[in-house]
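Spelled out from the first residue to the last, the chains are:
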Amino acid sequence: MADNLPSEFDVIVIGTGLPESIIAAACSRSGQRVLHVDSRSYYGGNWASFSFSGLLSWLKEHQENSDIVNECPAWQEKILENEEAIALSRTDKTIQHVEVFCYASQDLHEDVEEAGALQKNHASVTSVNATKAADSACLPTEDESLSTTSCEIHTEQTPSSDPERPLEVNDVQVTGEKENDCDDKTCVPSTAEKETSENVPVAEDTAEQPKKNRITYSQIIKEGRRFNIDLVSKLLYSRGLLIDLLIKSNVSRYAEFKNITRILAFREGRVKQVPCSRADVFNSKQLTMVEKRMLMKFLTFCMEYEEHPDEYKDFEEITFSEYLKTQKLTPNLQYFVLHSIAMTSETGSSTIDGLKATKNFLHCLGRYGNTPFLFPLYGQGELPQCFCRMCAVFGGIYCLRHSVQCLVVDKESGKCKAIIDQYGQRIISKHFLVEDSYLSENTCSHVQYRQISRAVLITDRSVLKTDSDQQISILTVPAEEPGAFAVRVIELCSSTMTCMKGSYLVHLTCTSSKTAREDLEPVVQKLFTPYTETEIENEEVEKPRLLWGLYFNMRDSSDVSRNSYNDLPSNVYVCSGPDCALGNDNAVKQAEALFQQICPNEDFCPPPPNPEDIILDGDSLQPEASESSALPEANSETPKESSNLRNPEEPSE
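Treat the numbers as computed from the prediction; the structure is a model and nothing was measured.

(A) Representation of the sheet that holds strand 24 (residues 572–575) in the model. Taken in spatial order, the five strands make up an open sheet running 13-2-1-17-24, and their pairing is parallel. With partners counted over all chains shown, the strands left at the sheet margins are strand 13 (397–399) and strand 24, one partner each. Averaged over all pairs of adjacent strands, the angle between their axes in this sheet comes to 15 degrees, without regard to strand direction. As paired elements, strand 17 (residues 431–435) and strand 24 share four bridges and run parallel to each other. If you follow leucine 433 over to strand 24, its bridge partner there is tyrosine 573. Against the sheet, helix 13 (residues 382–393) makes contact with strand 2 (34–37) and strand 13, and its axis sits at roughly 130 degrees relative to strand 13, the strand it touches most. On top of the sheet, helix 15 (residues 585–598) reaches strand 1 (11–14), strand 17 and strand 24; it is set at about 170 degrees to strand 24, its chief contact.

This is how it looks when you write it as structure tokens:
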């Protein structure tokens, strides 16, 4: 099929990251003929999520630089005299400085393989124990590596939530089974379903792991399908642009979400929980009664600060940190507001920036839970796939492992007219969207990129123990050195369907000033202790044990101006990769802006039509119509085990 595609489309999208997927869905929904291709074997690009073995395969691909499909050697011959070609990049250079460490005991046997794996693959990992880890910075040369089919996600269907609810938050522990109500042939696959459809029950001794602190590397391999590890770590603000778009377009039915249960702070070498809602403030034992009144008064002002300009006008030129010192707040409260509520830089954020951030935080409180944030079950990589599915429902065509050799530009008009793919086929289109990583060095020779430092850790318990072991936490660790950046820590428990039972998945993110390991390792050392055999007998360990760790730098192209690229035709649009921000607003704003350039008079991702109102010309459209149910007209039915995410203050449609 892929070597015999239709020869003409309205829009061709290259790359399946979140902005590209949103644009593809919006264009398809507005009636455009969309071709969506990716040279990778998985959806999402740098927004993707992987099982543990899938992540090892991804690491090996980047190490060997073999993730690009072989090019067609004769594509240059297909360029006519009145045309010129813009060659696209053959390699992905967005990931650098990859370093992997395994601290868990290496009791591997030849018969150890991932539970429910598609094929038998022996796992053989170079031992990197805790004493060697400090001096070792290389990727193990014999990582367990499944064939690319093991991390493909186009063989199964996307699990979706009940079509009658616009967005769903699970407040109960999820067991790992999800219903699949997607039966049509246009369904776009999902990592989530792949990770659960063939799951075997957890071994009996897994229940004893938290007591014994004996999670071994072979157990991580065996339970690798329980992991959904994000390349980019983000959360969704409950009143953010992405949540609004998910509800408006009804794409929310393809995903489920959980509340972030607590906001943490790291102060004086200890992790503390930050009270942020009214109930949290008055129930907090960390604050005195006077501090509680101070905090509530200040937060109330922040919600209405624009109505009282006289109270902050004189402080607009100073940083938010300095402004807080002028308010009647104790040092403890100043720290909480700056780092855990506003989540702004101590030196780089103005008073207005801090007040805006604080108001946004407070505005998002209470919509779906006691914190402002949501996390998608099965990881951030679900979100691009949800929009890909919407695009496919309205007729979009998808091709993974399908590389594009070049863009064909008409010399006379200066516009791009077609692409030539790996099979040498010329495909004509009016508009072309290209993810930044696909552009060649010649096109990007004047572009200055920032970098994001990332770390992914597997640990044996939470950074702050409580009665419940199913906490989802966000923690900001301020920078200690000049020129460094604060580090954002997101800790996920097993009920998010991102890690095995008895373990935690921890993501660390900051703007790069050095390599990822140099930026993040000091914070890792503050919060965790490497797992060693000598500590097994010691049940009382002050810090969580670190079982496995990955460091890497990721390119941040979010602030690159279009003018920085060389000689791009006016109908070629560039989508950036992930940025370092906590939310997804940049991706949504970018997608909407580019969509308006392509379809200036069209609504951006409107709700799908009601199937009962559609007049069909032929039976072939029936599956698409049945898939696209309308938003519920009333908020009368709420599922028992999850809360409907319609804002109760918003009128029903």
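Back to the text.
(B) Up close: the nonpolar core. Ranked by size, the top nonpolar core spans 97 residues in total, and within it Phe52, Phe298, Leu508 and Trp548 carry the most contacts. If one sorts the elements of this core by residue count, strand 23 (residues 545–556) sits on top with seven residues. Residue contributions to this core reach at least three from each of two domains, namely domain 1 (8–93 + 378–447 + 558–598) and domain 2 (277–364). Counting 47 residues, the second largest nonpolar core, distinct from the first, contains Phe387, Tyr573, Cys575 and Cys605.

(C) Molecular detail of the sheet that holds strand 4 (residues 83–87). Pairing is antiparallel across the open sheet formed by four strands, whose spatial order is 4-14-15-16. The open sheet has two edge strands, strand 4 and strand 16 (426–428), and neither has a second partner. Between one strand axis and the next, the sheet turns through 30 degrees on average, direction left out of account.

(D) Expanded view of the pairing of strand 17. With respect to burial, strand 17 is a largely interior element, five of its five residues being buried. Both faces of strand 17 are covered, namely the face carrying His431, Leu433 and Glu435 and the face carrying Phe432 and Val434. Both strand 1 and strand 17 contribute to a ladder of four bridges, which runs parallel. Bridge pairing in strand 17 links isoleucine 14 to valine 434.

(E) Summary view of the pattern of salt bridges. What the rule picks out here adds up to 22 salt bridges. In this structure, the salt-bridge partner of aspartate 10 is lysine 430, at a minimum N-O distance of 3.5 Å. Pair noted here: aspartate 10 is in the segment before strand 1 and lysine 430 is in the loop between strand 16 and strand 17, with a separation of 420 residues, a long-range link. Residue aspartate 10 is classed as buried on the basis of its relative accessible area of 8%. Among the charged side chains, a network of salt bridges with common partners joins Asp10, Arg33 and Lys430.

(F) Molecular detail of helix 12 (residues 351–364). Spanning 14 residues, helix 12 covers 20 Å between terminal C-alpha atoms, matching the ideal 20 Å at 1.5 Å per step. Buried within helix 12 we find Thr351, Gly354, Leu355, Thr358, Phe361, Leu362 and Cys364. Looking one or two residues beyond helix 12, the residue adopting positive phi is glycine 366, at roughly 85 degrees.

(G) Quick look at the packing of helix 11 (residues 331–341) against helix 12. One way to put it is that helix 11 packs onto helix 12 with a least axis distance of 10 Å and a crossing angle of 75 degrees. In terms of their interaxial angle, helix 11 and helix 12 are classed as roughly perpendicular. Note on element contacts: helix 12 touches helix 11 through Ala357, Thr358 and Phe361, opposite Val337, Ser340 and Ile341. Among the residues forming the contact of helix 11 with helix 12, the class breakdown is four nonpolar, two polar and no charged.

(H) Looking closely at the packing of aromatic side chains. Scanning all chains against the criterion turns up 16 aromatic pairs. Ring centres 6.1 Å apart and planes at 75 degrees place the aromatic pair phenylalanine 101 and tyrosine 551 in the edge-to-face group. Taken together, the residues span a long stretch of sequence, with phenylalanine 101 in strand 5 (residues 95–102) and tyrosine 551 in strand 23 at a distance of 450 residues. On the basis of relative accessible area, phenylalanine 101 is assigned to the buried category, the value being 1%. By relative accessible area, tyrosine 551 is classed as buried at 2%. Counting every residue linked through ring pairs, the aromatic cluster contains Tyr42, Phe50, Trp58 and Phe552.

(I) Highlighting unusual backbone geometry. A positive phi angle, close to 55 degrees, is found at glutamate 268, a residue other than glycine. For arginine 401, which is not a glycine, the phi torsion comes out positive at approximately 50 degrees. Position of arginine 401 among the secondary structure elements: in the loop between strand 13 and strand 14 (404–410).

(J) Region of interest: the confidence of the model for the protein chain. Across the protein chain, the average pLDDT comes to 79, with 74% of residues at 70 or higher. Within the model, the stretch residues 647–653 combines pLDDT values under 50 with 13 contacts to residues more than four positions away or in other chains.

(K) Region of interest: the packing of helix 7 (residues 241–249) against helix 15. Contact pair helix 7 / helix 15: the axes reach a minimum separation of 8 Å and the direction vectors enclose 55 degrees. Here helix 7 is positioned oblique relative to helix 15, judged by the angle of their axes. Across from Leu241, Leu242 and Leu245 in helix 7, the residues of helix 15 making contact are Asp585, Val588 and Lys589. Here the contact of helix 7 with helix 15 is composed, by residue class, of four nonpolar, no polar and two charged.

(L) Region of interest: the side chain of threonine 509. Inspection of the secondary structure puts threonine 509 in strand 21 (residues 504–511). Take threonine 509: its relative accessible area is 3%, and that puts it in the buried class. With near-sequence residues (within four places) excluded, threonine 509 lies in contact with Ser233, Ile452, Ser453, Arg454, Ala486, Val487, Arg488 and Cys580.

Thresholds applied
Residues numbered from 1 in each chain as written. Predicted model: local features only at pLDDT ≥ 70, side-chain atom pairs only at ≥ 80, totals over all residues. Heavy atoms only, no water. Pairing = 2+ DSSP bridges. Helix = DSSP H or I, 4+ residues; strand = E, 2+ residues; numbered from the N terminus. Axes fitted to C-alpha atoms, helices over the stretch in contact; angles between N-to-C directions. Contact = heavy atoms within 4.5 Å. Core = buried A, V, L, I, M, F, W, Y, C linked by side-chain atoms within 4.5 Å. Buried < 20%, exposed > 50% of the residue type's maximum accessible area, 1.4 Å probe, protein only. Domains from an automatic or database assignment. Salt bridge = Lys/Arg side-chain N within 4 Å of Asp/Glu carboxyl O. Expected span 1.5 Å × (residues − 1). Parallel < 35°, antiparallel > 145°, perpendicular 65-115°, else oblique. Nonpolar A, V, L, I, M, F, W, Y, C, P; charged D, E, K, R; others polar. Phe/Tyr/Trp six-rings, centres within 6.5 Å; stacked < 30°, edge-to-face > 60°. pLDDT = per-residue confidence, 0-100.

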